[in-house]
Amino acid sequence: MTDTTRFAGYGVLITGAARGIGAAVARRLAEEGARVLVTDVDGPEAEKTASKLRESGLTARASACDVADRASVEAAVAHAVDTFGSLDVLVNSAASCTPDTPLFEDGPDEAWARDLDVTLTGTYRCCRAALPHLAAGGRGAIVNIGSVNGLQDFGNHAYSAAKAGLGSLTRTLAGHAASRAVRVNLVTPGTVRTSAWEGREAELDAIRPLYPLGRVGEPEDIAAAVAFLASRDAAWITGTTLTVDGGLTAVNTGFHVGTRQRGGA
Ligand SMILES: NC(=O)c1ccc[n+]([C@@H]2O[C@H](COP(=O)([O-])OP(=O)(O)OC[C@H]3O[C@@H](n4cnc5c(N)ncnc54)[C@H](O)[C@@H]3O)[C@@H](O)[C@H]2O)c1
């Protein structure tokens, strides 16, 4: 049963929240009492998501925000503080993932730069703008959304390098912000059924057997982990990485298939 008071009185800003994981996080935190600012580079879609939350009796506003643009990020943070009176939680979900470019031929600089700029630098821009406000309330928390791509090779080299960088950024910010009572953590999801996988059912079917828990993730699986790390239940947790991937990176599925074929344990 959802605790509808865990985030009562909290002001929350989520990037990339018009759809997918960001939207599920917005709903989860709002259901637990938060006032959420749904931000996205797609402003009209962010407004639709916020309005659905309001239709459910929850407190939500929307703001267009491109994390690749410093002024846009600073305006969104100011909007959250002005609207809610405080900013207590920042969730960085926006990312860019360019399909793999040919490394052995002629990979364009632009695709690499875009993935790094949105996924890694964008998260940094949001943290930089939000940190003074997060510190002011005495219960600040940042949850960055990484990926198993930052832990192992799953392709998409620029996106993966950016996601790996989030691990370092999370730990460094945690060290800097701890004395101001702001916690910074990272969630690294495996495959999650969102618009990023739309029209790719065959790929999802092919991937499913790699997941020890027998399914790919749903946005709500990630939202639950984010809510935990953002909440007072995680009051003594900072600088950590919580992998939410149905066992994908912990269990060597290929090895087990091999040993079973050879009659092993
Ligand atoms: N879906 C997965 O399988 C999966 C797996 C691991 C990690 N993740 C991570 O989870 C997060 C959310 O992914 P998702 O699957 O929900 O994606 P999604 O495509 O459903 O949603 C991403 C949202 O980010 C927005 N966005 C893109 N560029 C932006 C920018 N410059 N500024 C602000 N918003 C921007 C998009 O408009 C979109 O609404 C991402 O960080 C992604 O890397 C997803």
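So, a few notes on the structure that sits alongside this text. Note that the structure is predicted; figures quoted are calculated from it, not measured. (Residues numbered from 1 in each chain as written. Predicted model: local features only at pLDDT ≥ 70, side-chain atom pairs only at ≥ 80, totals over all residues. Heavy atoms only, no water.)

### Details of the environment of Ala-76
Turning to step 1, where the next piece is worked out: Structurally, Ala-76 can be placed in helix α3 (residues 70-84).
Turning to step 2, where the next piece is worked out: Judged by relative accessible area, which is 2%, Ala-76 ranks as buried.
Turning to step 3, where the next piece is worked out: Counting along the chain gives 127 residues from Ala-76 to Glu-203, while the straight-line C-alpha distance between them is 36 Å. (Helix = DSSP H or I, 4+ residues; strand = E, 2+ residues; numbered from the N terminus. Buried < 20%, exposed > 50% of the residue type's maximum accessible area, 1.4 Å probe, protein only.)

### Examining the pairing of strand β1 (residues 11-14)
Turning to step 1, where the next piece is worked out: Neither face of β1 is open: one carries Gly-11 and Leu-13, the other Val-12 and Ile-14, and all of them are buried.
Turning to step 2, where the next piece is worked out: Pairing analysis gives four bridges linking β1 to strand β2 (residues 35-40), with the strands arranged parallel. The partner of Val-12 across the bridge, within β2, is Val-36.
Turning to step 3, where the next piece is worked out: Tracing the backbone out of β1, into helix α1 (residues 20-31) and back to the parallel element β2 gives a crossover that is right-handed. (Pairing = 2+ DSSP bridges. Right-handed = clockwise from strand over helix to strand, strands pointing away.)

### Considerations on helix α5 (residues 157-177)
Turning to step 1, where the next piece is worked out: The terminal C-alpha atoms of α5, which comprises 21 residues, lie 30 Å apart, in line with the 30 Å expected from a rise of 1.5 Å per residue.
Turning to step 2, where the next piece is worked out: Taken as a whole, α5 has its buried residues at Ala-158, Tyr-159, Ser-160, Ala-162, Lys-163, Leu-166, Gly-167, Leu-169, Thr-170, Leu-173, Ala-174 and Ala-177. (Expected span 1.5 Å × (residues − 1).)

### Quick notes on the pairing of strand β3 (residues 59-64)
Turning to step 1, where the next piece is worked out: Pairing of β2 with β3 involves six bridges; the strand directions are parallel. In the strand pairing of β3, Arg-35 is matched with Thr-59.
Turning to step 2, where the next piece is worked out: Each parallel crossover has a hand, and for β2 linked through helix α2 (residues 43-55) to β3 it is right-handed.

### With respect to the sheet that holds strand β5 (residues 141-145)
Turning to step 1, where the next piece is worked out: Here seven strands make up an open sheet; going across it, the order is β3-β2-β1-β4-β5-β6-β7 and the pairing parallel. Either end of the sheet is taken by a strand with one partner, and the two such strands are β3 and β7 (241-244). For this sheet the average axis-to-axis angle between neighbouring strands, irrespective of direction, equals 20 degrees.
Turning to step 2, where the next piece is worked out: Across the sheet, α5 touches β5, β6 (183-189) and β7, and the angle it forms with β6 is around 160 degrees. (Axes fitted to C-alpha atoms, helices over the stretch in contact; angles between N-to-C directions. Contact = heavy atoms within 4.5 Å.)

### Overview of the pattern of salt bridges
Turning to step 1, where the next piece is worked out: Following the criterion strictly, the structure yields 15 salt bridges and no others.
Turning to step 2, where the next piece is worked out: Notably, a salt bridge pairs Glu-32 with Arg-6, separated by 2.6 Å at the nearest N-O pair. Here Arg-6 lies in the segment before β1 and Glu-32 lies in the loop between α1 and β2, a separation of 26 residues in the sequence. Like Glu-32, the residue Arg-6 is buried in the burial classification.
Turning to step 3, where the next piece is worked out: A salt bridge links Asp-221 to Arg-215; the nearest nitrogen and oxygen atoms lie 2.8 Å apart.
Turning to step 4, where the next piece is worked out: Note on Arg-215: relative accessible area 42%, which makes it partly exposed. (Salt bridge = Lys/Arg side-chain N within 4 Å of Asp/Glu carboxyl O.)

### Quick look at the site of the ligand
Turning to step 1, where the next piece is worked out: Taken together, the neighbourhood of the ligand is formed by 28 residues, with Arg-19, Asp-40, Tyr-159, Thr-194 and Ser-195 sitting nearest.
Turning to step 2, where the next piece is worked out: Between the ligand and Ile-21, the relevant distance is 2.8 Å, taken from an oxygen atom to a main-chain nitrogen or oxygen of the residue.
Turning to step 3, where the next piece is worked out: Here an oxygen atom of the ligand sits 2.6 Å away from a polar atom, N or O, in the side chain of Asp-40.
Turning to step 4, where the next piece is worked out: Alone, the ligand offers 830 Å² of accessible surface; in the complex the protein occludes 88% of this.
Turning to step 5, where the next piece is worked out: Mapped by element, the contributors of at least two residues to the shell around the ligand are α1, α4 (109-137) and α5.
Turning to step 6, where the next piece is worked out: A class-by-class count of the residues in the shell around the ligand yields 14 nonpolar, nine polar and five charged. (Near = heavy atom within 4 Å. Polar contact = N/O pair within 3.5 Å; in protein donor to acceptor, adjacent residues only side chain to side chain. Areas by Shrake-Rupley, 256 points an atom, 1.4 Å probe, with all protein chains shown as cover. Nonpolar A, V, L, I, M, F, W, Y, C, P; charged D, E, K, R; others polar.)

Shape descriptors only; they carry no functional weight alone.
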